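Listed here are the chains, written in short residue letters.
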Amino acid sequence: MRRLPLVFVVSLAALAIAMACRTTPPVAPQRVTQKLLILGFDGMDPDLVRQWVAEGKLPNFKALIERGGLYDLETTHSPESPTAWASFATGVNPGKHNIYDFLVRDTQTYLPDLGMVKRTPAKFLFDWIPLQRPKIESIRGGTSFWVTAGAAGVRSSILTVPVTYPPENVPNGEMLSGLPLPDIRGTMGTFSYFATDLSRYEEGNTEFGGILKRIVFENGTADTQLDGPPNPIVRQKMLALRAKSPVTDADRAELEALAPQVDVKVPMRIAWQRGSDTATVTLQDTALTLKVGQWSDWVDLRFRINLFIAMRGMAQVILLRADDDLQLYVSPINWRPEAPPLPISSPTAFAESLVKTLGPFRTLGWAEATWPLEEGRIDEAVFMEDLSRAFDDRARVILNRIDAKQWDLLVGVIETTDRVQHMMWRLIDQKHPMYDAALAAKYGDAIERIYRRSDAFVGEVLTHVDPDTAVMVVSDHGFHSFRKAVNLNTWLVQEGFMVLKGQQDNQRKLDDLFGAGTFWEGVDWSRTRAYAMGLGQIYFNVRGREGQGIVSPGQESVALADAITARLATLVDPDTGERVVQNVYRRDDVYSGRYLENASDLQVGFADGYRVSWQTSLGGAPAGIVYPNMKKWSADHGSFDIADTSGVLITSRPLGARDRYRITDVAPSVLEYFGLTPGPDLDGKSLLR
Ligand SMILES: [Zn+2]
């Protein structure tokens with residue numbers, strides 16, 4: 001059985017050469033007297049906020065709400081962070097900013113790719129001399145409100161907002177990038193785990209972004225290596241060899257010899273005596289003496305690609321266990337904020353100047369250790385500790401910039417709220433298949449703790465700003481329990497909208513037909529009318545658009561939309577008879593703009609408790625349609641119905657009454673607050689009137 005690749009792998013081949021710094025053209029600042037502070041908490045759920053405010057657990061939110069108000073903030077199709085934060089920044093629907101999902105598809109091959117950036121790898125002459133720098137470009141369209149406001153003289157500080165990597169050039173402002181800023185391997189966070197009790201079978205790469213290595217002690221020491229970035233030169237050589245026709249035996253031998261060199265590694269030595277709760281870890285040049293449960297400081301790492309290029313990174317180490325066996329966790333290797341392989345801030349030197357006052361801080365966009373918890377390599381205690389450190393790092397940066405007082409507009413986003421809900425919801429939902437009473441007794445308050453921490457942070461921030469500063473607390477979407485997963489592609493096969501090779505039209509013996517759920521395994525595109533990918537997106541196999549399209553645009557597409565929508569309404573949970581799908585949205589009803597052609601034809605809005613399966617999100621069609629979600633990743637928002645997945649808006653001043661408050665309304669509200677007229681292209685409307 002072949003396994004799907006990592007869920008969110010960003011293969012940023014070659015990040016090794018710094019790009020030239022870009023300069024901001026000077027704009028004569030107007031006199032701006034207003035101040036606006038926006039704090040974002042990714043995924044903060046309005047129902048939980050209301051509940052805990054009512055119970056007196058969020059006193060600072062309560063005080064703010066009493067001054068202004070608490071509103072449900074309508075999110076985007078799909079209700080996901082990249083999409084919703086892009087709409088937050090630009091005030092437009094995804095049809096105008098092009099971020100629909102974590103993933104995009106290649107219309108020719110139907111294969112998924114990461115949906116926020118476009119990457120061009122570096123090129124090397126004679127496999128040696130850097131010829132072309134690697135390039136990472138955002139695919140986000142539209143104009144952020146900080147760019148519009150900045151051009152008019154509003155000074156801004158934009159901190160770790162999702163979909164701000166690569167950093168934008170902000171006139172009269174500064175930006176520290178957030179998601180999808182990768183780790184040194186170009187992924188959303190690859191952790192490393194070393195243990196004496198790993199079997200050979202467990203060694204290697206895990207499904208959710210980890211590298212596991214078995215270590216063997218001899219006379220109290222074990223030698224191993226920590227994997228760093230892929231070597232872009234070796235990759236370039238391997239690609240060239242694979243592209244040869246024919247590939248000779250000599251080519252094959254060379255490929256085999258190159259394979260172990262794909263990753264640049266640094267040496268790691270662990271000294272430990274069985275039974276001792278202390279170990280000495282020497283990671284490259286740094287020796288750390290660690291007790292069980294103790295996190296190291298950031299360890300500086302240097303990965304040499306060749307004579308010309310080295311990449312710097314940093315990681316933290318925790319000794320998880322040292323009794324009869326030893327287990328050691330190494331965090332994803334973050335880019336060093338003062339020496340990133342590509343700029344992570346604007347101006348480029350801004351990140352470096354932060355380190356001078358704050359010391360090192362996490363740069364990785366996905367800052368929290370969700371994957372190692374999912375994989376069972378860290379436990380809930382270590383996860384919660386890591387979460388609070390991630391929160392603190394973001395909070396330190398935000399407070400530092402608030403105190404610098406060089407802003408009229410400050411936007412800082414913390415995503416810890418999102419991660420804790422994804423991973424720990426199973427302990428507040430007794431109906432979740434992963435509910436565990438003993439764990440719930442210990443960690444049932446995990447989500448509440450992070451909400452309280454957010455509340456305390458808002459309280460702290462308010463003591464650092466003038467009382468006449470307007471304050472907004474924003475989240476991009478709410479949350480749902482993810483009790484059952486739904487294989488949409490499998491359903492499409494069952495219903496005859498997708499056809500597998502060798503399948504008779506009315507064949508229903510699904511178990512015989514499906515493989516392991518690899519990308520489009522066995523799909524007969526010449527008879528397939530629709531396919532699902534990403535979080536709740538269904539695409540039609542459109543003639544002239546898809547590589548092997550068979551559905552005509554126009555009437556045939558409309559009829560297909562009708563048919564799928566009608567059939568989805570009959571999809572029920574076989575255990576309970578509950579409807580699985582709450583709403584189905586059509587492209588032209590919910591999107592408009594120049595990027596409309598990249599939108600899915602349908603966006604499925606699942607009912608509370610049901611989410612599209614991971615396999616479906618990557619184009620797999622494994623057996624079974626509705627099945628219990630046995631992952632710790634137990635709550636979600638992507639692919640749920642926008643109608644009940646709103647985020648939160650808390651304002652320090654009351655807003656006028658209206659039917660709906662939408663995330664696209666934030667940008668025009670900010671512009672109007674600074675006396676600027678929002679452009680006619682914006683979909684949102686100012687909430688100030
Ligand atoms: Zn999320």
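Residues numbered from 1 in each chain as written. Predicted model: local features only at pLDDT ≥ 70, side-chain atom pairs only at ≥ 80, totals over all residues.

**A short note on the environment of Val-355**
Assignment of secondary structure puts Val-355 in helix α8 (residues 350-358). Spatially, the C-alpha atom of Val-355 lies 9.3 Å from that of Arg-336, the residues being 19 residues apart in sequence. Beyond its immediate chain neighbours, meaning those up to four positions away, Val-355 contacts Pro-337, Glu-338 and Pro-360. (Helix = DSSP H or I, 4+ residues; strand = E, 2+ residues; numbered from the N terminus. Contact = placed C-beta atoms within 7 Å.)

**Thoughts on the pairing of strand β2 (residues 69-74)**
Across 5 bridges, the pairing between β2 and strand β34 (residues 647-651) is antiparallel. Residue pairing across strands places Asp-72 opposite Val-648, the latter belonging to β34. Alignment of β2 against strand β35 (residues 661-662), held across 2 bridges, turns out to be parallel. Its bridge partner lying in β35, Glu-74 is registered against Arg-662. (Pairing = 2+ DSSP bridges.)

**Some points on the domain arrangement of the protein chain**
In many reports, interface size means the accessible area that the parts give up when they come together. For the protein chain, the domain assignment lists domain 1 (36-99 + 140-181 + 365-477 + 657-673), domain 2 (192-334) and domain 3 (483-643). For domain 1 versus domain 3, the distance between C-alpha centres works out to 30 Å. Across the boundary between the two partners, domain 1 contributes 25 residues, which contact 29 residues of domain 3. The set of elements that each furnish at least two residues to the side of domain 1 that touches domain 3 consists of α4 (94-97), α9 (370-374) and α11 (416-424). The class makeup of the residues in the side of domain 1 that touches domain 3 is 8 nonpolar, 12 polar and 5 charged. (Domains from an automatic or database assignment. Nonpolar A, V, L, I, M, F, W, Y, C, P; charged D, E, K, R; others polar.)

**With respect to the sheet that holds strand β19 (residues 310-315)**
Neighbouring strands of a sheet are bound in pairs by backbone hydrogen bonds; such pairs are parallel or else antiparallel. Ordered by their spatial adjacency, 3 strands build an open sheet running β18-β19-β22, and the pairing between neighbours is antiparallel. The strands lining the two open edges of the sheet, one partner per strand, are β18 (299-304) and β22 (334-335). Where β18 lies against β19, 6 bridges are found, and the strand directions are antiparallel. Each residue of the ladder has a partner; that of Arg-302, found in β19, is Arg-312.

**Focus on the environment of Tyr-100**
You can see Tyr-100 is positioned in the loop between α4 and β3 (103-105). Between the C-alpha atoms of Tyr-100 and Arg-140, which are 40 residues apart in sequence, the distance is 9.9 Å.

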